[in-house]
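The residues making up each chain are set out below.
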Amino acid sequence: MQCDIRQYFPSIDHALLRAELARLIRDDCALELCDRIIASGVGVLAEQYDMQWFPGDDLTAAFRPRGLPIGNLTSQFWANVYLHRFDHFVKRDLKCAGYVRYVDDCLLFGDDKTQLHRWRAACIDALAGLRLRLHEGRAQVYPVTNGIPFLGFRVYPTHRRLKRRNGVNFQRRLTALLARLTRREIGLDQLHAGVLGWINHARYGDTFGLRRALLCQQIIPA
């Protein structure tokens, strides 16, 4: 079962994050610095957040400070801290032996479909306690033989395929980079960095043929 959290970074509640940090950090000076960094994210992603209401909320819930800037290194780390208790819930309370999470993308594995459906409902309730919502349409139970969409790939028991849109987006980006290089708006080092960044991601799937086709198409046009 795949669990993908809706609008994760815009939804992170500052009060709940601060409470979790205070539970882990005993140094007042460090916490004061955390407070300043957290406060800098107020309203940064407001336009990306669709107000979600949870049991017990009143109208003041709309004004709760929330959101972390995605580019901050602290945001990447705190995003994991925020879901730390959810990880323990899945492993200790649900006793899910096969659990994988990368930031807000989670996978739960089991041999019993009925049990997985119960876990789905339990995860929805647990995440509501963190003021988070699942993409319930995506949180479905299906066989691993169908392939699991995860981190830009579709993962099968025997191999990994890059998502089609990932290849299409890179092809468009490469065309744009080459056009900018021709106009001398960028140098070869920037083109090289852009290409290597994608290759380093795509190489974790069975993509040798795709990489060769996309790069040769641009370098040696038909």
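What counts and how
- Residues numbered from 1 in each chain as written.
- Predicted model: local features only at pLDDT ≥ 70, side-chain atom pairs only at ≥ 80, totals over all residues.
- Heavy atoms only, no water.
- Pairing = 2+ DSSP bridges.
- Helix = DSSP H or I, 4+ residues; strand = E, 2+ residues; numbered from the N terminus.
- Axes fitted to C-alpha atoms, helices over the stretch in contact; angles between N-to-C directions.
- Patch = residues over 30% accessible without salt bridge, like charges linked within 9 Å, V, L, I, M, F, W, Y side chains within 5 Å.
- Areas by Shrake-Rupley, 256 points an atom, 1.4 Å probe, with all protein chains shown as cover.
- Salt bridge = Lys/Arg side-chain N within 4 Å of Asp/Glu carboxyl O.
- Parallel < 35°, antiparallel > 145°, perpendicular 65-115°, else oblique.
- Contact = heavy atoms within 4.5 Å.
- Nonpolar A, V, L, I, M, F, W, Y, C, P; charged D, E, K, R; others polar.
- Core = buried A, V, L, I, M, F, W, Y, C linked by side-chain atoms within 4.5 Å.
- Buried < 20%, exposed > 50% of the residue type's maximum accessible area, 1.4 Å probe, protein only.

Q: Would you explain the sheet that holds strand E5 (residues 153–155) in this entry?
A: As a general point, the strands of a sheet are linked pairwise by backbone hydrogen bonds and lie either parallel or antiparallel. On the basis of which strands lie adjacent, the open sheet formed by three strands has the order E4-E5-E6 and antiparallel pairing. Single-partner strands in this sheet number two, and they are strand E4 (148–150) and strand E6 (160–162). Along the sheet, successive strands turn relative to each other by an average axial angle of 30°, direction set aside. With three bridges joining them, E5 and E6 adopt antiparallel strand pairing. Following the sheet pairing, Arg154 is matched in E6 by Arg161.

Q: How do you make sense of the pairing of strand E2 (residues 98–102) when you look at a structure like this?
A: In this sheet, strand E3 (residues 105–109) lies alongside E2 in antiparallel orientation, the contact comprising five bridges. The residue bridging Tyr102 from the neighbouring strand is Asp105, located in E3. Linking E2 to E3, which pair antiparallel, is a turn of two residues; within it Val103 sits at a positive phi near 55°.

Q: Help me out: how do you make sense of a nonpolar patch on the surface in this one?
A: There is a patch of nonpolar side chains on the surface, built from Val100, Phe109 and Val144 and spanning about 200 Å² of accessible area. For Val144, the position within the fold is in the loop between helix H6 (113–128) and E4.

Q: Could you clarify how one ought to interpret the packing of helix H7 (residues 164–182) against helix H8 (residues 188–202) in this entry?
A: When two helices pack together, their arrangement is given by the angle between the helix axes and the distance between those axes. As a packed pair, H7 and H8 sit with axes 10 Å apart at the nearest point and diverge in direction by 170°. One element, H7, and the other, H8, form an angle in the roughly antiparallel class. The residues of H8 that touch H7, namely those facing Asn166, Gly167, Phe170, Arg173, Leu174, Leu177, Leu178 and Leu181, are Leu188, Leu191, Gly194, Val195, Trp198 and His201. For the contact of H7 with H8, the class distribution of residues is nine nonpolar, four polar and one charged.

Q: Even after reading the chapter, I still don't get the nonpolar core, so can you show me in this structure?
A: In a soluble, globular protein the nonpolar side chains are often hidden away together inside. Ranked by internal contacts, the top residues of the largest apolar core, which has 37 residues, are Tyr8, Phe86, Val90 and Leu108. At the level of elements, helix H1 (8–11), helix H2 (14–24), helix H3 (28–39), helix H4 (73–82), helix H5 (84–93), E3 and H6 are the ones that each hand at least two residues to this core. A total of five residues in this core trace back to one element, the largest contributor, which is H6. Ignoring sequence-local partners within four residues, the contact set of Val90 consists of Lys95, Cys96, Tyr99, Leu108 and Cys123. Formed by 13 residues, the second largest nonpolar core is a distinct cluster that contains Phe170, Leu174, Trp198 and Ala202.

Function cannot be read off these values alone, since they describe shape.
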